[in-house]
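The chain contents come next:
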Amino acid sequence: MEAINYEKKGNIFNIQKYSVNDGPGIRTVVFFKGCPLRCRWCANPESQLSKVQILWDEKKCLNCRHCMSICPAGAISLREEHIHIDSKICTGCNQCVRECPARVLESEGGLKTVEEIMKVVMQDEVFYEESGGGITLSGGEILAQPDFARQLLLASKEKHLHTCCETTGFAQPEIFDKVIEHVETILFDMKHWNEEKHIEGTGVSNELPLLNMKRAIAAGKEVLPRIPVIPDFNDSLEDAVSFAKTLRSIGASRCQLLPFHQFGENKYHLLDQKYAYEDVPSLHREDLEEYLQCFISNGIDAFF
């Protein structure tokens, strides 16, 4: 095995322990910051930019404007009677977070070394051994930080951990291969089967994701395509049939359906961002039974 650079740094925004929904067994999920996609329904909008972002909780704010006066970059202003933090100007110095009297500002994202992350991950080694779990890299998009992802995966393999990742697959094949080499299970996001609709919903083409999914399956990786079912975007029965056809064409035989939810709605408010799916009702399993059957009828073992 190649030498591991434990001092390699990556930008992450969360480490979630005791997860049971992100791969087999009990897992620790490391969330990478930065993503080339701009999915209009994204449940983690704080993951999209690769830099530190400041969240503001309007409900707890004292309206003292102290943050505006102390920001060295002048990134904080008043817009329509509420605080606005310009992420393009903000340097992520966190002075406003430290000095906020009401503690209503929160920093998302920060650099951590492979060694720092592995210390946290290995705290739950006993749970991985008992459950067949391990580490999952998620995001954001791990392929946006390929060198860091690879070093973290190498360190995990050195500790004999099961490795899993969640990815959109949006990267050049050589970058994809470099990272995926040390991943055992790939949770592969699939947004749309149609290129034009994929661009409409995410801002990028689905050409690379489909190509890389096919390559991973052909290489013998354990690949689970996961489809977020989004109202008025990819939730028609015709979409289900076309998804199934596309999956079969790239060698997949099963997929997981993820009904649209509103868990991330408040994060848009905290980031002072417009949310395209504001007040759109969540979908539930019972809403998608016919949708699910379209996959099964067309040769794909779909499940929730």
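Residues numbered from 1 in each chain as written. Predicted model: local features only at pLDDT ≥ 70, side-chain atom pairs only at ≥ 80, totals over all residues. Heavy atoms only, no water.

Let's shift gears to the packing of aromatic side chains. For the structure on display, the rule yields 10 aromatic pairs. A ring pair is formed by Phe-13 and Phe-31, whose centres lie 5.6 Å apart and whose planes are at 50°; its orientation type is tilted. Of this pair, Phe-13 sits in strand E1 (residues 9-19) while Phe-31 is found in strand E2 (residues 27-32), placing the two residues 18 residues apart along the sequence. Classification of Phe-31 by relative accessible area gives buried; the value is 10%. (Phe/Tyr/Trp six-rings, centres within 6.5 Å; stacked < 30°, edge-to-face > 60°. Helix = DSSP H or I, 4+ residues; strand = E, 2+ residues; numbered from the N terminus. Buried < 20%, exposed > 50% of the residue type's maximum accessible area, 1.4 Å probe, protein only.)

In space, the nine strands of this open sheet follow the order E7-E1-E2-E8-E9-E10-E11-E12-E13, with mixed pairing throughout. Looking at strand neighbours, the two that pair on one side only are strand E7 (110-113) and strand E13 (301-303), the edges of this open sheet. On average, adjacent strands in this sheet sit at an angle of 30° to one another, irrespective of strand direction. Here strand E9 (residues 162-167) runs beside strand E10 (residues 185-189); their pairing, made up of four bridges, is parallel. By the bridge assignment for E10, Glu-166 is matched with Leu-187. (Pairing = 2+ DSSP bridges. Axes fitted to C-alpha atoms, helices over the stretch in contact; angles between N-to-C directions.)

Within the secondary structure, Asn-21 sits in the loop between E1 and E2. On the basis of relative accessibility, which here comes to 61%, the residue Asn-21 falls in the exposed class. Sequence-wise, Asn-21 and Phe-31 are 10 residues apart; in three dimensions their C-alpha atoms are separated by 14 Å.

Moving on, we get to the pairing of E2. Within E2, six of the six residues are buried, which leaves the element mostly enclosed by the surrounding structure. Looking at chain direction, E1 and E2 are connected through five bridges and run antiparallel. Following the sheet pairing, Gln-16 is matched in E2 by Val-29. Across five bridges, E2 lies against strand E8 (residues 134-138) in parallel orientation. Bridge pairing in E8 places Val-29 opposite Thr-136.

Below, the discussion takes up helix H9 (residues 237-249). Compared with an ideal rise of 1.5 Å per residue, which puts 13 residues at 18 Å, H9 spans 19 Å between its outermost C-alpha atoms and is within 8% of the ideal. For H9, every residue scored as buried is listed here: Asp-239, Ala-240, Ser-242, Phe-243, Ala-244, Thr-246 and Leu-247. Tucked into the core, H9 has its buried residues touching helix H8 (207-218), strand E11 (222-229), strand E12 (254-259) and helix H11 (289-297). Gly-251 lies just past H9 and shows a positive phi near 95°. (Expected span 1.5 Å × (residues − 1). Contact = heavy atoms within 4.5 Å.)

Let us now look at H8. In this model, H8 (12 residues) spans 17 Å end to end at C-alpha, consistent with the 16 Å of a helix rising 1.5 Å per residue. Among the residues of H8, those classed as buried are Leu-208, Pro-209, Leu-210, Asn-212, Met-213 and Ala-216. Along its buried surface, H8 packs onto helix H6 (173-180), E10, E11 and H9. Following H8 by one or two positions, Gly-220 has its phi on the positive side, about 85°.

Keep in mind these values describe shape, not function.
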